[in-house]
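Reading the structure
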Amino acid sequence: MHMVIYTLVEASTQDDALASGKTVFDRLVGAVPHAGAVFDYYVTFDEAGTSVAGKARWGELPVAATVVSDEGEELLERGWEATKEEFQRNLDRVREALDERSDEEIMRDEDLARHAFHQVGAYDGPSVFLYDEHGSGIRHRGQLDRILDESDDLWIVPADVHF
């Protein structure tokens, strides 16, 4: 499956932002030493040679944008809304499992109940759409606000990832 994720990086130019973003995405696919793979592969939106990912799948997105620009604000909003929606979807599934399933049924993972528990607690992967410059998932609004407040040169870089 494919999804678009975003990383927030400090940079002075779009090229620097893209390079920093690719470093983050490399970590998330396990392409650097001592990094565990969270996703199978990624394609950034400067790549044109693929017919199944990136622009071919999602259309034109900025390669990188400052978070204070209109494009950057839109990407940030998309990433944050997707994170909130996925969290809420999984939290609803957890609540339903607790209300409707026995402990044994949950233990057996009926209706993927345990999977939902895992997704609610995930720090990265398919339920997290925003990442900081270290490849750590941004999981709550306070964390996002802190990152936004700490930098005057913050960029957002999107990538199509497969998991």
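Residues numbered from 1 in each chain as written. Predicted model: local features only at pLDDT ≥ 70, side-chain atom pairs only at ≥ 80, totals over all residues. Heavy atoms only, no water.

1. Examining the overall build of the protein
Of regular secondary structure, the protein possesses six helices and five strands. Going from N to C terminus, the protein has its helices and strands arranged as β-α-β-α-β-α-α-α-β-α-β. A compact globule built from 163 residues should have a C-alpha radius of gyration of about 15 Å, and the protein, at 17 Å, falls within 12% of that. If you line up the protein on its principal axes, its C-alpha atoms span 55 × 35 × 30 Å. Each of the 163 residues in the protein was classed as buried or not, and the buried ones make up 42%. Within the protein, counting contacts between residues at least 6 apart in sequence, those at least 24 apart form 65% of the total. In the structure as shown, the protein presents an accessible area of about 8900 Å², 48% of it carried by carbon and sulfur atoms. Computing the positive centroid from 15 side-chain charges and the negative centroid from 35, the protein places the two 5 Å apart. (Helix = DSSP H or I, 4+ residues; strand = E, 2+ residues; numbered from the N terminus. Rg over C-alpha atoms; globule rule 2.2 N^0.38 Å. Buried < 20%, exposed > 50% of the residue type's maximum accessible area, 1.4 Å probe, protein only. Contact = heavy atoms within 4.5 Å. Areas by Shrake-Rupley, 256 points an atom, 1.4 Å probe, with all protein chains shown as cover. Lys, Arg positive; Asp, Glu negative; His and termini not counted. Charge placed at Lys NZ, Arg CZ, Asp CG, Glu CD.)

2. Some details on helix α6 (residues 141-150)
Every buried residue of α6 is accounted for by Gln 143, Leu 144 and Ile 147. Take α6 and look down its axis: the buried residues cluster within an arc of 100 degrees, on one side only. Elements that come into contact with the buried residues of α6 comprise β1 (2-10), α3 (70-100), β4 (130-131) and β5 (154-162). (Arc of directions from axis to C-beta.)

3. So, the packing of aromatic side chains
The tally for this structure, following the rule as stated, stands at two aromatic pairs. With a centroid separation of 5.4 Å and an interplanar angle of 45 degrees, the aromatic rings of Phe 25 and Tyr 42 are classed as tilted. Highlighted residues: Phe 25 in helix α1 (residues 14-28) and Tyr 42 in strand β2 (residues 41-44), separated in sequence by 17 residues. In terms of burial, Phe 25 and Tyr 42 fall into one category: buried. Here Phe 39 and Tyr 131 contribute two aromatic rings whose centre-to-centre distance is 6.4 Å and whose plane-to-plane angle is 85 degrees, an arrangement assigned as edge-to-face. (Phe/Tyr/Trp six-rings, centres within 6.5 Å; stacked < 30°, edge-to-face > 60°.)

4. A closer look at the nonpolar core
Counting residues in hydrophobic clusters, the biggest one holds 22 residues, and the most contacted among them are Ile 5, Ala 17, Phe 25, Leu 28, Phe 39, Tyr 131 and Val 157. Every element with two or more residues in this core is listed here: β1, α1 and β5. At five residues, the largest contribution of residues to this core is made by α1. Excluding anything up to four places from it in sequence, Leu 28 contacts Ile 5, Gly 36, Ala 37, Val 38, Phe 39, Tyr 131 and Gly 135. Counting residues in each nonpolar core, the second largest holds 16 residues, with Leu 8, Val 67, Leu 76 and Ile 156 among its members. (Core = buried A, V, L, I, M, F, W, Y, C linked by side-chain atoms within 4.5 Å.)

5. A short note on the environment of Gly 79
Mapped onto the fold, Gly 79 is located in helix α3. Measuring from C-alpha to C-alpha, the distance between Gly 79 and His 115 comes to 22 Å, with 36 residues separating the pair along the chain. Ignoring anything within four residues of it in the chain, the contact list for Gly 79 reads Tyr 6, Phe 129 and Leu 130.

6. A look at the side chain of Thr 83
Looking at the secondary structure, you find Thr 83 in helix α3. Beyond its immediate stretch of four places on either side in the chain, Thr 83 contacts Ser 127, Val 128, Phe 129, Leu 130 and Ile 138.

7. What to know about α1
If you check α1, its first and last C-alpha atoms are 21 Å apart, about what 15 residues at 1.5 Å a residue would give, namely 21 Å. Of the residues making up α1, those classed as buried are Ala 17, Leu 18, Gly 21, Val 24, Phe 25 and Leu 28. Seen end-on, α1 carries its buried residues on one side only, within an arc spanning 120 degrees. Residues of α1 that are buried sit in contact with β1, β2, β4 and β5. One or two residues past the end of α1 sits Gly 30, with phi positive at roughly 75 degrees. (Expected span 1.5 Å × (residues − 1).)

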